[in-house]
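Next come the chains, spelled out residue by residue.
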Amino acid sequence: MNPWAMATAWLVPQLLGSGLYVLIVGWPRQRCDRIIAAGLGWIVGVLLCGVLTRLLASADPARVLISVSPWAVSIGLGGWLVAWWLRAAPPTTVAPQPIARQWWPWALIVLVLLGWRGWLLASDIWLHPTLPWDAWAAWQAKAKTWVLAGEITPFVSFGDWLAHPKELLRTGIGYSYPDLLPWAMVWFAGAGGWIEPWINLAWFGLWVALLVAQYGQLRALGVAASHAWIGVYLLGSLPLLESHVALGGYADLWVAALFAQAAFAWLRWHCRSEQRQLGVVIGLIVLLPMVKLEGAVWAIVLGAASVFSSLPAWSRQRRLLLGFAFATTLILLSVAFGAAWISVARRYFGNSGAVNLADVSDSLKAFSAGLWAQGNWNLLWFALPVVMFGNRHAWMRSATTRRLAVLAAVSFLLIAGLFVFTAAARYAQSYSAVNRLMLQLAPMLAALLLLMLKSPDSLSPQTQR
Amino acid sequence: MRRVSAAAMAAFVLALAVSWAILLMCAARVDVRSPLSPAKELSLPGSRFHPVFGSANPEAQHLRVEAAAKDFSGLQVTALANLLASDFPILRYHMVEFPRTLELSLVFRTAEAPDDVQSISLPRPEGHESTFDLAQVPAWRGTITELGFAEFPTAQLVPPAAGFRAFTLAGAQLESLSWRGRLATLLTSWHERRPWQLISVSAVGPTETGDSSPHAPRLPLIFAFALLAVGVLGRSILRLRGKALQPLLLASAAIAWVACDLVWQRDLVYKRETDRDVWGDAPLAARQDRVPDAQLREVALHVRSKLSGYPRTTRVLVSAPSPYDTLRLIYHALPLNVGVLAGVDAEHAAPGTIVVRYADDQDKVKDGVLHFGGITLHVRTVEQRPDLGIYVVATVPR
């Protein structure tokens, strides 16, 4: 493999994503925004390189780096230049800040613990081909087809595929899954062809970028540096999350990253009056359903939260009604336009009559086992309820923490309801999909645990970040 | 901060030690009526076992297992003189240089059902003695007449041909119930490390989808109860409340979190080492060619080469004995335009469609007619061999 091509495949998304981020939020004067631009920028950049791959390299994926890079670099550089051009004048008076160095020991400990693990994960990914079932059967089957066939062609249902034998169509068990992640895999394959360890290394990049972005967002929300480092460790030490990194190929970690980052941006917009963060929220809401069908549900949750937040004071008493109306409208629009997630929801809810009390009990047991009896989450699910209850007087005073708690609770209840009361219960009982869906909340919950322990709102907004 | 007297601190430490010891005994399911050490022991030196599959030679008191059988598995057994299962519920076993790429099972036969061979997955031995509690295994009942160890390459991870490496069966021991046996079982369970498995991406802990086999409580759960004891005793003995109790709990939780994490990292090291054993000597681009289903890959590559001259629009319908085999065959056959044969109906199997049947026990094509799933197709045979048939649909009878 050509090292220049490898570097291009990893660095161009960084430039593209970070450029778009600063274009939206403005020139990053604060350190935390530069850190977020690096982390979230890479994640979004990879996905947008996937979009550009579909738009510009469908006919010849082997040359994707040549076809897409100039555009991606131009957009990324353009974003940085425009942000610099439009930058606001720096504040004329800056309050003197005490130079805080106490976070260095924490940073060092976390870097050692996570650095060792990072090496383990990266070197393991580099060793093995794609292993987990859905990764090769659904997600990578599309990308492998396109790379080896030398063109990006549509995947359709088995019936449509058979019914139109003269058309160049494809089929597979993941035909209805969104194409964005497979497009992104084609982008990475542009650096050396279909080499599974190399393509799966993107999940290591995602892990690093997620931790970097998590640190930046915690700082942006007013968390002290030492606590933010601990927050990064909390997230980086969750076993199931690391399994998804080492066994790359699933979309859940991408959804988790986008959902959490969108939630943090929403908090910054809503609680800290950073108006431009709404642009980040909207951008991530658009990307979520393009990665995985469940992303549509999180997009609706975030959309409803954003609409709530933007309601004028007089309507606050009617929030529930308006939120319900908003969610109903979105669902009706999805039904009208035949959004794919609706058929998945139908499958689960349509058969929910078949779920009986014994099933509910078994599902609850299995669901609880996933949270407490297995080794998926270290001590996260023990600590969350204890801190939530034990420290309630402290964190309830923090608007930021309270709102994140409500968002996390709504998301958790949606998953619990799905896996306990609908036909999806069988996935809870088999320990399969249920924990993967909980993974989609993990970055948000790790941050929530930290915020409940040490809520930031008591700090001045001027605190150095 | 409130000052704590030395006596209160000593009482706290003592109470904590006692509560943690009780917790450990509960986790190990220690029967307080049982003796500290086993009353009965039956020693089974490695040299007593003989190979049934694979080859092995006695070396002093041990058995050196040199090679696997043709199907890449190994089995070493020994006869027992009508041993009552209920008298010996604890198994200790010791193997040296046991490869990370193999799975280990205990196999046994009972006098009550001499034709049935029972099999139980065992924790992988790692050079020291391992212990397993057979009392929780429903099949460990009656009179045991034969007992042995079976090894086979880790499913859906290790290419069968790359799985076996020589190892030594040092020996085994059956024991009656005791505190020592149950505690050793718990320690083995916590000490056990596993390679990546099919379920690893869905859950950390269960060994398979819907795993209902008995497991010792996992470390996070035990640590949570240990922390609960810290909190309760801190309140009741040290009289700490609210913010005064917080530092103690936070420090304990931090230690517990890092401890869980270190145990998980140890497991990650093992998983990586297993992967290195399997793929470490292959060049990067060739690692995806070394797969656990090498046979399926070989068949898929053969089909790909046979169909290389067909247009890209040609539909290829595949059938294989299991959904896993079918989907893997499809994945290896890409970029052929492939789908699953099982879902097809006669109306839509247009002339020119290719049908690939691998290891399919159904009727072979006779006189150009292929029957499957209640439909009939007239086909032309591209290739037909015992394990594989490749056909082109000629016409579909109405």
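### Comments concerning the confidence of the model for chain B
- Per-residue confidence for chain B averages 91 on the pLDDT scale, and 96% of its residues sit at or above 70.
- Predicted complex, confidence summary: ipTM 0.93, pTM 0.93.

### A few points about the sheet that holds strand 5 (residues 74-84) of chain B
Residue and element names in this part refer to chain B.
- Overall, antiparallel pairing links the 5 strands, which are arranged 2-5-10-7-8 in an open sheet. Strands at the two margins of the open sheet, each flanked by one partner only, are strand 2 (50-53) and strand 8 (118-122). When the angles between neighbouring strand axes are averaged without regard to direction, this sheet yields 30°.
- Relative to strand 10 (residues 143-153), strand 7 (residues 102-110) runs antiparallel, the two being bridged by 9 bridges. The residue of strand 10 that forms the bridge with Arg109 is Glu146.

### Thoughts on helix 2 (residues 31-56) of chain A
Residues and elements named next belong to chain A.
- Taking 1.5 Å per residue as the helical rise, helix 2 with its 26 residues ought to reach 38 Å, and the 35 Å between its terminal C-alpha atoms agrees with that figure.
- By the largest-angle criterion, Gly41 marks the main kink of helix 2, which is about 35°.
- Taking burial as the measure, the 26 residues of helix 2 include 19 buried ones, the bulk of the element.

### With respect to the sheet that holds strand 17 (residues 388-395) of chain B
Residues and elements named next belong to chain B.
- Pairing is mixed in the open sheet, where 6 strands are placed in the order 13-12-14-17-16-15. The strands lining the two open edges of the sheet, one partner per strand, are strand 13 (338-340) and strand 15 (369-372). The average undirected angle you get between the axes of adjacent strands in this sheet is 40°.
- Where strand 12 (residues 316-319) and strand 13 come together, 3 bridges link them in parallel fashion. For Val318, the partnering residue across the bridge sits in strand 13 and is Val340.

### So, unusual backbone geometry
- In this structure, the amide linkage connecting Leu334 of chain B to the following residue, Pro335 of chain B, adopts the cis form with an omega of 15°.
- Inspection of the secondary structure assignment puts Pro335 of chain B in the loop between helix 6 (323-333) and strand 13.
- Phi angles above zero are rare outside glycine, and Ser273 of chain A is one such case at about 55°.
- Assignment of secondary structure puts Ser273 of chain A in the loop between helix 11 (252-271) and helix 12 (277-291).
- Look at Ser273 of chain A and you get exposed, because 9 C-beta atoms sit within 10 Å.

### Some details on the packing of helix 1 (residues 6-28) of chain B against helix 3 (residues 219-236) of chain B
Residue and element names in this part refer to chain B.
- Contact geometry of helix 1 with helix 3 gives a least axis separation of 10 Å together with a crossing angle of 150°. When the axes of helix 1 and helix 3 are compared, the pair comes out roughly antiparallel. In terms of crossing hand, the pair formed by helix 1 and helix 3 is right-handed. Along its contact with helix 1, which presents Phe12, Ala15, Leu16, Ser19, Trp20, Leu23 and Ala27, the element helix 3 presents Ile222, Phe225, Ala226, Ala229, Val230 and Leu233.
- Each residue belonging to the contact of helix 1 with helix 3 can be placed in one class, and the counts come to 12 nonpolar, 1 polar and no charged.

### Quick word on the nonpolar core
- With 222 residues, the main nonpolar core has Ala263, Leu288 and Leu449 of chain A as its most contacted residues.
- Broken down by element, this core gets its largest block of residues, 16 residues, from helix 11 of chain A.
- Those residues within four positions of Leu288 of chain A in sequence are excluded, and the remaining contacts are Val255, Leu258, Phe259, Gly295, Ala296, Trp298 and Ala299 of chain A.
- Leu75, Val77, Ile90 and Phe152 of chain B belong to the second-largest nonpolar core, a separate cluster that totals 31 residues.

What counts and what doesn't
Residues numbered from 1 in each chain as written. Chains lettered and ligands numbered in written order. Predicted model: local features only at pLDDT ≥ 70, side-chain atom pairs only at ≥ 80, totals over all residues. pLDDT = per-residue confidence, 0-100. Pairing = 2+ DSSP bridges. Helix = DSSP H or I, 4+ residues; strand = E, 2+ residues; numbered from the N terminus. Axes fitted to C-alpha atoms, helices over the stretch in contact; angles between N-to-C directions. Expected span 1.5 Å × (residues − 1). Bend = angle between axes of the 7 residues up to and from the residue. Buried ≥ 20, exposed ≤ 12 C-beta atoms within 10 Å, placed from the backbone. Parallel < 35°, antiparallel > 145°, perpendicular 65-115°, else oblique. Left-handed = near helix turned anticlockwise from the far one by under 90°. Contact = placed C-beta atoms within 7 Å. Nonpolar A, V, L, I, M, F, W, Y, C, P; charged D, E, K, R; others polar. Core = buried A, V, L, I, M, F, W, Y, C linked by C-beta atoms within 7 Å.

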